[in-house]
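# Coordinate inspection notes
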Amino acid sequence: MNKKVFRPFWSYDVQKTEEWLTSMAESGYLLEKVNRVTRFFYFQQGEPKKITYRIAYDKLQGDTLSRGLLDEGWLKVSQSGKWIVTRNERPLDQIKRSLVREGVIRHNRINMYIFSGILIYLTIIVLMNLMLMMATIFQDGSIEVVESPLWIVTYIFMGIGIAVWVLSIYSIIIIAKTNKKLLNENSDHYKPQRMVSEEIRLNKDEEKKLKHLGKLIRKRKFGWMYAPDKLETWLEKMEAQGYNLYRVSKTGTVFYFIVGRPRKVSFCADYQNIADESYFNIHSDTGWKNAFISYGSLQKWSIWSREYSEGEKRPQIYSDKAHQLKHAKRIAITYSCIFLPLVIVYLYNIGLSIGMMSNNRIEIDNLQISTMAIMFVAILSFGSNSIRTWLYYRRLKKGQ
C-alpha cells in the first residue's frame, strides 16, 4: 500500500523531518522519494524498521554517496534537485559519519535573507500608507471612501500581502531556530576563550571590584564591523599600552580590558557565512584565541588574537592578499545589499512627501517634519555604513 504526505515546510526544520521519517518507518511506511516542488513524500508500506534518516542539501559528485559514507552504512533514498535523503539501519550509537549540514544551513540562510527583504518591503509599504492616511486625517479630519467595482481586487491583494507578511515572519523564526540547532549539532556550542591568563575567571562581583579599583576598564565600539581593520589596529594599540583584552560583550559593542602588561598581539576580525566547528579548530590549533562570536543570523563575526614576541613577524590568519581583498569585497557587498534597498525606499518616500507638499496635496505639519527627519537620519546612517565597507575594501586594495 502506497502513501503520500504533503509537508509544505519540511525543509525549514530538517531535523524534525528526519524524526518524522523515522517514526513513519517504525509504523511500517518506508520512504521512497521526495518531490521538492510539490512538497509530497511518497512511502511504501512494509515491515516496521528502526531507520535513521539524514537530509542534506548538496550537489553529489556522481550518482552515489562517497565510499566513506557507504562503508558507514548510509544509502541514498531520494534526490530531488540538490536535496538528498539518506537512510541508515545501523544503531545510532554506531554511526560515526554522515552527510554534512553546511549546504542546508547556507540554503536556509539565503531563504531567510529573501524573506527578510520581503518583510521589510511590506512593512515599509504599510507604514508609508499609514503615514499618508494620518497626514490626511490631521489635515482635514476626514477620509472619503470612493466606491469602486475594483475594490475586490484591492481586498484580494491586501489578503495576499497579509498572508505573505505572516509567512515571512514564520519562515524567519523557524529557519533561524533550525540553523542554530544545525550549527550546534554533534558538538558543544563553541565558547570564546579569555584573552588573558587562563587562571583568570571573573564573576560579576569580581569584575565590579576591579572596575572600582581602576583595574578593569570598558570601551564601546559601535559599527566596527564596517571597518574591521580599524578595530584591529585599535585593539593592538590598547594591548601595546598595557590594556589586555579580557572579553567582549555578547552584542560585540563593549570591550573589557584588564590593566596588565604591554603585549604585542595581532588581532583579526573575521566575517564568515558559516562558521562550523572545524573553522574554530583550525585557527585554535595554530595558536589563535577567540574573543568574540556574534550570535546573529545576518552577521557572523569572530574576533581572533595571537600574542607574538618582539622581533617576530606579526602573525596573520589570512596572509594572502587576494584572499583578504575577496573577504573585504564580500563584506562590502553583503552590507550594501542590506542597506542600499532601505536607502532607496526612504529616498522614494521623502521624494513622494515633498512632491505632495509642493502640489499642496498635504500641508507641512510637525508629524510630516518628524517623519522626514527620521527617514533622513536613517538614510545617512545606512548610507554611511555601506560607504565605510567600501572604503575598507579600498584601503586593503591600496595597501597591496
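Rules behind the numbers
- Residues numbered from 1 in each chain as written.
- Predicted model: local features only at pLDDT ≥ 70, side-chain atom pairs only at ≥ 80, totals over all residues.
- Heavy atoms only, no water.
- Helix = DSSP H or I, 4+ residues; strand = E, 2+ residues; numbered from the N terminus.
- Phe/Tyr/Trp six-rings, centres within 6.5 Å; stacked < 30°, edge-to-face > 60°.
- Buried < 20%, exposed > 50% of the residue type's maximum accessible area, 1.4 Å probe, protein only.
- Lys NZ or Arg CZ within 6 Å of the ring centre and 35° of its normal.
- Pairing = 2+ DSSP bridges.
- Axes fitted to C-alpha atoms, helices over the stretch in contact; angles between N-to-C directions.
- pLDDT = per-residue confidence, 0-100.
- Contact = heavy atoms within 4.5 Å.
- Core = buried A, V, L, I, M, F, W, Y, C linked by side-chain atoms within 4.5 Å.
- Expected span 1.5 Å × (residues − 1).
- Bend = angle between axes of the 7 residues up to and from the residue.

## Some points on unusual backbone geometry
At R39, a residue that is not glycine, the phi angle is positive and equals roughly 70°. Note on placement: R39 falls in the loop between strand 2 (29-35) and strand 3 (40-45).

## Considering the packing of aromatic side chains
One pass over the structure, following the stated rule, counts 22 aromatic pairs. With 6.5 Å between their ring centres and 80° between their planes, Y12 and F115 make a pair best called edge-to-face. Of this pair, Y12 sits in the loop between strand 1 (2-6) and helix 1 (14-26) while F115 is found in helix 3 (residues 102-140), placing the two residues 103 residues apart along the sequence. Looking at Y12, the relative accessible area reads 9%, which means it is buried. With a centroid separation of 5.6 Å and 90° between ring planes, the pair formed by W234 and F257 is classed as edge-to-face. Of this pair, W234 sits in helix 6 (residues 228-240) while F257 sits in strand 9 (residues 254-259), placing them 23 residues apart in sequence. Considered together, W234 and F257 belong to a single accessibility category, that of buried residues. Of the aromatic side chains, those joined through ring pairs into one cluster are W10, W20, F41, F43, Y57 and W83. A cation over a ring is seen here: K3 above Y29, with NZ or CZ 4.6 Å from the ring centre. Note that K221 overlies the ring of W234, its terminal NZ or CZ placed 4.7 Å from the centroid.

## Observations concerning the sheet that holds strand 2
In a beta sheet, neighbouring strands pair by backbone hydrogen bonds and run either parallel or antiparallel. The 3 strands are arranged 1-3-2 in an open sheet whose pairing can be described as antiparallel. Every other strand in the sheet has two partners, leaving strand 1 and strand 2 as the edge strands with one partner each. With direction set aside, neighbouring strand axes in the sheet form an average angle of 25°. Examined bridge by bridge, strand 1 and strand 3 share 5 bridges and lie antiparallel to one another. Its bridge partner lying in strand 3, K4 is registered against Y42.

## Some thoughts on the confidence of the model for the protein chain
A residue-level look at the protein chain finds 84% of positions with pLDDT of 70 or above and a mean pLDDT of 83. Counted against residues more than four places away or in other chains, residues 186-190, with its pLDDT under 50, gives 9 contacts.

## Describing the nonpolar core
Core analysis: the biggest nonpolar cluster contains 26 residues, and W224, L231, L235, L245, F255, W301 and I303 have the highest contact counts within it. No other element matches the 5 residues that helix 8 (residues 321-358) contributes to this core. Listed in part, the 22 residues of the second largest apolar core include W20, L30, F43 and V77.

## Describing the environment of K237
Tracing the sequence through the fold places K237 in helix 6. Sequence spacing of K237 and R263 is 26 residues, and the spatial spacing of their C-alpha atoms is 9.3 Å.

## Side note on the sheet that holds strand 12 (residues 301-307)
On the basis of which strands lie adjacent, the open sheet formed by 3 strands has the order 10-12-11 and antiparallel pairing. Where the open sheet ends on each side, the last strands, each with one partner, are strand 10 (265-271) and strand 11 (289-293). On average, adjacent strands in this sheet sit at an angle of 20° to one another, irrespective of strand direction. In terms of strand pairing, strand 11 meets strand 12 through 4 bridges, oriented antiparallel. Bridged to K289 within strand 12 is S305. Packing of helix 8 onto the sheet brings it into contact with strand 10 and strand 12, and relative to strand 10 it is tilted by some 45°.

## So, helix 8
Relative to the 56 Å expected for 38 residues at 1.5 Å per residue, helix 8 spans 52 Å between its end C-alpha atoms, a close match to the ideal helical length. At C337, helix 8 shows its largest bend, some 30°, and a proline, P341, comes one to four positions later.

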